[in-house]
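Observations on chain architecture
Here is how the chains run, residue by residue.
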Amino acid sequence: MKTNTERRAEIFGEYIRNERATVRSCAKHFGISKSTVHKDVTERLSKLNPALYIGVREVLDINKEERHIRGGEATKRKYLAQHPKKS
């Protein structure tokens, strides 16, 4: 029988794989800390469900490659919100 922790890891993994979500967005969606989500999908899931883990790992690797772009876009939006263009 699976424990709550094991089931939670699979739920997080399915959400990340199906939604192509980040760890941060998954944590926000479920109302739990990012570190818990990360530990569940990187450590626990690899032992519980290797096939799901591979799918999650692919999404996490893509997110890692794109994070510098997302960070730059967030900074740009923040700057534009603080300094609106004057016509």
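Before any of the text, the structure's been laid out above.
One finds Phe12, Ile16, Val23, Cys26, Ala27, Val37, Val41, Leu45, Leu52, Val56, Val59 and Leu60 forming the largest nonpolar core, which totals twelve residues. With four residues, helix H4 (residues 50-82) is the single largest residue contributor to this core. Once residues within four sequence positions are removed from consideration, leucine 60 is found in contact with Ile16, Val23, Val41 and Thr42.

Here H4 contains 33 residues, and its C-alpha end-to-end distance of 46 Å stays within 8% of the 48 Å for a straight helix at 1.5 Å per residue. A maximum bend of about 50 degrees is found in H4 at glutamate 66. All of the buried residues along H4 are Leu52, Gly55, Val56, Val59, Leu60 and Asn63. Packing partners of the buried residues in H4 comprise helix H1 (4-19), helix H2 (23-30) and helix H3 (34-48).

With that settled, the discussion passes to unusual backbone geometry. A positive phi angle, near 55 degrees, is found at arginine 20, a position not held by glycine. Within the fold, arginine 20 resides in the loop between H1 and H2. Owing to a relative accessible area of 48%, arginine 20 belongs among the partly exposed residues under this scheme.

This structure, assessed with the given rule, holds two aromatic pairs. Where phenylalanine 12 meets phenylalanine 30, the ring centres are 5.1 Å apart and the plane angle is 55 degrees; that geometry is what we call tilted. Linking phenylalanine 12 in helix H1 with phenylalanine 30 in helix H2, this pair joins segments that are 18 residues apart in sequence. Its relative accessible area of 3% is what places phenylalanine 12 among the buried residues. For phenylalanine 30, a relative accessible area of 32% puts it in the partly exposed group. Each ring, one from tyrosine 15 and one from phenylalanine 30, has its centre 5.3 Å from the other, and the planes form 80 degrees; the classification is edge-to-face. Taken together, the positions of tyrosine 15 in helix H1 and phenylalanine 30 in helix H2 put the pair 15 residues apart, joining distant regions of the chain. Counting every residue linked through ring pairs, the aromatic cluster contains Phe12, Tyr15 and Phe30.

Each value, and the rule that gives it
- Residues numbered from 1 in each chain as written.
- Predicted model: local features only at pLDDT ≥ 70, side-chain atom pairs only at ≥ 80, totals over all residues.
- Heavy atoms only, no water.
- Core = buried A, V, L, I, M, F, W, Y, C linked by side-chain atoms within 4.5 Å.
- Buried < 20%, exposed > 50% of the residue type's maximum accessible area, 1.4 Å probe, protein only.
- Helix = DSSP H or I, 4+ residues; strand = E, 2+ residues; numbered from the N terminus.
- Contact = heavy atoms within 4.5 Å.
- Expected span 1.5 Å × (residues − 1).
- Bend = angle between axes of the 7 residues up to and from the residue.
- Phe/Tyr/Trp six-rings, centres within 6.5 Å; stacked < 30°, edge-to-face > 60°.

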